[in-house]
Amino acid sequence: MPIMMVDVNRQRLIGARLLVPDAVLLATHHANIYEGCEYGCVFCEGWAQIQRPFNESVRMMGHLAEAAQRELADIPAHEIVALQGVSDPYQPAEQQFRRTQTMLKVMARLERPVALMTRSVAVADDIPLLQYIHQRAFALVVVSVVSHARDVAEILEPKCAATSERLALVKRLREAGIPVGVMVSPLVPYLNDTDYALRMLLEQIQAAGASFVHWEYVRIPHQRVQERLIGAVMRTNGFSATYLRDLYANTAVVDARYAQERNHTVAQLCDELHLPTHLPYEYFRGRLSLEHEIA
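Computed from a predicted structure; not experimentally measured. (Residues numbered from 1 in each chain as written. Predicted model: local features only at pLDDT ≥ 70, side-chain atom pairs only at ≥ 80, totals over all residues. Heavy atoms only, no water.)

S.K.: Run through the overall build of the protein chain, naming residues and quoting values.
M.R.: Tallying secondary structure elements over the protein chain gives eleven helices and nine strands in all. For 295 residues, the compact-globule estimate of 2.2 N^0.38 gives 19 Å, and the protein chain sits close to it at 19 Å. With respect to the three principal axes, the spread of C-alpha positions in the protein chain is 55 × 45 × 35 Å. Relative to its 295 residues, the protein chain shows a buried fraction of 54%. Relative to all contacts within the protein chain whose residues are 6 or more apart in sequence, the contacts with residues 24 or more apart total 79%. When the accessible area of the protein chain is evaluated, it comes to approximately 13600 Å², of which 51% is carbon and sulfur surface. Counting 29 positive and 33 negative side-chain charges, the protein chain places the averaged centre of each group 4 Å from the other. (Helix = DSSP H or I, 4+ residues; strand = E, 2+ residues; numbered from the N terminus. Rg over C-alpha atoms; globule rule 2.2 N^0.38 Å. Buried < 20%, exposed > 50% of the residue type's maximum accessible area, 1.4 Å probe, protein only. Contact = heavy atoms within 4.5 Å. Areas by Shrake-Rupley, 256 points an atom, 1.4 Å probe, with all protein chains shown as cover. Lys, Arg positive; Asp, Glu negative; His and termini not counted. Charge placed at Lys NZ, Arg CZ, Asp CG, Glu CD.)

So, in structure tokens, the structure goes:
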């Protein structure tokens, strides 16, 4: 259980404007509601950010509603703020402190568009708020999953809800009229990116009614992340540590040729299943500024 604390020194809730809108969430700004994450997933880049364990403590702003209202006043009304960061906005702390819900209430009152990404099913608590926002502006939820296989998911993200529960959430959000995508993240070479694993997961995503699917490869920005991932790969299928090291070659990103080949496979499977790889235009037509829609 992490230590929960109010960070009186935190100055900003919403980050600086992105140079280009987020390709998945369509956002121009990101807001990291919590700092630190109880989930502490094996692959999380948060382990590279601090010397202490990333899931040791969870920090939050004391007067979040006031900060949100003040900072949103400086952001054009049609620009999307995404509640997404290294720390999950619906991690277990949200059940007690409701900081994400507070942010959504401010955005609902101001009728501001919002997008969020989470590995939690707790977002279901805020479906009425998201419906209200979507009716008056725009709301998008992206649910992250990692594998159809329970044993793989339990090694990579042991504290998160089962993939089946998250896909049930996708169906529920879709039935509530809220655009919902699925992010397959991260793809870890030799662990969850085989043709069979991808097909099984994408078929389940399609059956859940996702509006679109996106994917990204694991980043290894630090030795701490590498060691955690190598341990996961070796425990799951017994591969040598050199398999993963060879594909990353002391860089943060996977070998470009490897990614290109896997991207082709995922795109082909999505075509077969009629799964869009980005949110279709029909879901946000006329809801954002023309400049934002074009971008």
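Text resumes after the structure shown.
S.K.: Report on the nonpolar core, specifying residues and quantitative values.
M.R.: The biggest cluster of nonpolar side chains holds 85 residues, and the ones touching the most others in it are Leu 83, Met 103, Ile 205 and Leu 229. For this core, the element with the most residues is helix 10 (residues 256-273), which contributes six residues. Grouped together as the second largest cluster of nonpolar side chains are 17 residues, Leu 26, Ala 115, Leu 279 and Tyr 283 included. (Core = buried A, V, L, I, M, F, W, Y, C linked by side-chain atoms within 4.5 Å.)

S.K.: A description of helix 3 (residues 99-110) should follow, citing residues and the corresponding values.
M.R.: Helix length check: helix 3, at twelve residues, gives a terminal C-alpha distance of 17 Å against a target of 16 Å (1.5 Å per residue), a fit within 8%. Looking one or two residues past helix 3, Glu 111 carries a phi angle of roughly 55°, positive in sign. (Expected span 1.5 Å × (residues − 1).)

S.K.: Quick rundown of the sheet that holds strand 7 (residues 139-145)? Include the residues and the values.
M.R.: The six strands are arranged 2-5-6-7-8-9 in an open sheet whose pairing can be described as parallel. The open sheet has two free edges, formed respectively by strand 2 (29-31) and strand 9 (212-217), since each of these has just one partner strand. Mean inter-strand twist for the sheet, computed between neighbouring axes without regard to direction, equals 25°. Together, strand 6 (114-118) and strand 7 form the strand contacts of helix 4 (residues 127-136), whose direction differs from that of strand 7 by roughly 135°. (Pairing = 2+ DSSP bridges. Axes fitted to C-alpha atoms, helices over the stretch in contact; angles between N-to-C directions.)

S.K.: Residue-level account of the environment of His 278, with values.
M.R.: Inspection of the secondary structure assignment puts His 278 in the loop between helix 10 and helix 11 (290-294). The exposure class of His 278 is partly exposed, given its relative accessible area of 41%. For His 278 and Asp 195, which are 83 residues apart along the polypeptide, the C-alpha to C-alpha distance reads 21 Å. In this structure His 278 touches Ala 23, Phe 212, Val 213 and His 214, once residues within four positions along its chain are discounted.

S.K.: Could you give me a rundown of helix 4, with the residues and numbers involved?
M.R.: All of the buried residues in helix 4 are Ile 127, Leu 129, Leu 130, Ile 133 and His 134. Within helix 4, the buried residues cover an arc of 155° as seen down the axis, which keeps them to one side. Exposed residues on helix 4 whose side chains face more than 90 degrees from its buried face are Pro 128 and Gln 135. (Arc of directions from axis to C-beta.)

S.K.: Hey, could you go over the pattern of salt bridges for me, with residue numbers and the actual values?
M.R.: Per the stated rule, a full pass over the model turns up eleven salt bridges. The partner of Glu 35 in a salt bridge is Arg 10, and the shortest N-O contact between them spans 3.4 Å. Of this pair, Glu 35 sits in strand 3 (residues 34-35) while Arg 10 sits in the loop between strand 1 (3-6) and strand 2, and the two are 25 residues apart along the sequence. A salt bridge links Arg 262 to Asp 195, with the shortest nitrogen-to-oxygen separation between them at 2.8 Å. With a gap of 67 residues between them, Arg 262 in helix 10 and Asp 195 in helix 7 (residues 195-208) connect regions that are remote in the sequence. Taking relative accessible area as the criterion, Arg 262 reaches 7% and is therefore assigned buried. Through salt bridges with shared partners, a single ionic network connects Arg 119, Glu 157 and Arg 166. (Salt bridge = Lys/Arg side-chain N within 4 Å of Asp/Glu carboxyl O.)

S.K.: Break down the packing of aromatic side chains for me, with residues and values.
M.R.: Scanning the model with the defined rule gives two aromatic pairs in all. Both rings, one in Tyr 190 and one in Tyr 258, keep their centres 6.2 Å apart while their planes meet at 55°; by these two values the pair is tilted. A residue pair is termed long-range when its members are at least 10 positions apart, and Tyr 190 in the loop between strand 8 (180-187) and helix 7 and Tyr 258 in helix 10 qualify at 68 residues. The exposure class of Tyr 258 is buried, given its relative accessible area of 17%. Positioned above the aromatic ring of Tyr 132 is the side chain of Arg 136, whose terminal nitrogen or guanidinium carbon lies 3.6 Å from the ring centre. (Phe/Tyr/Trp six-rings, centres within 6.5 Å; stacked < 30°, edge-to-face > 60°. Lys NZ or Arg CZ within 6 Å of the ring centre and 35° of its normal.)

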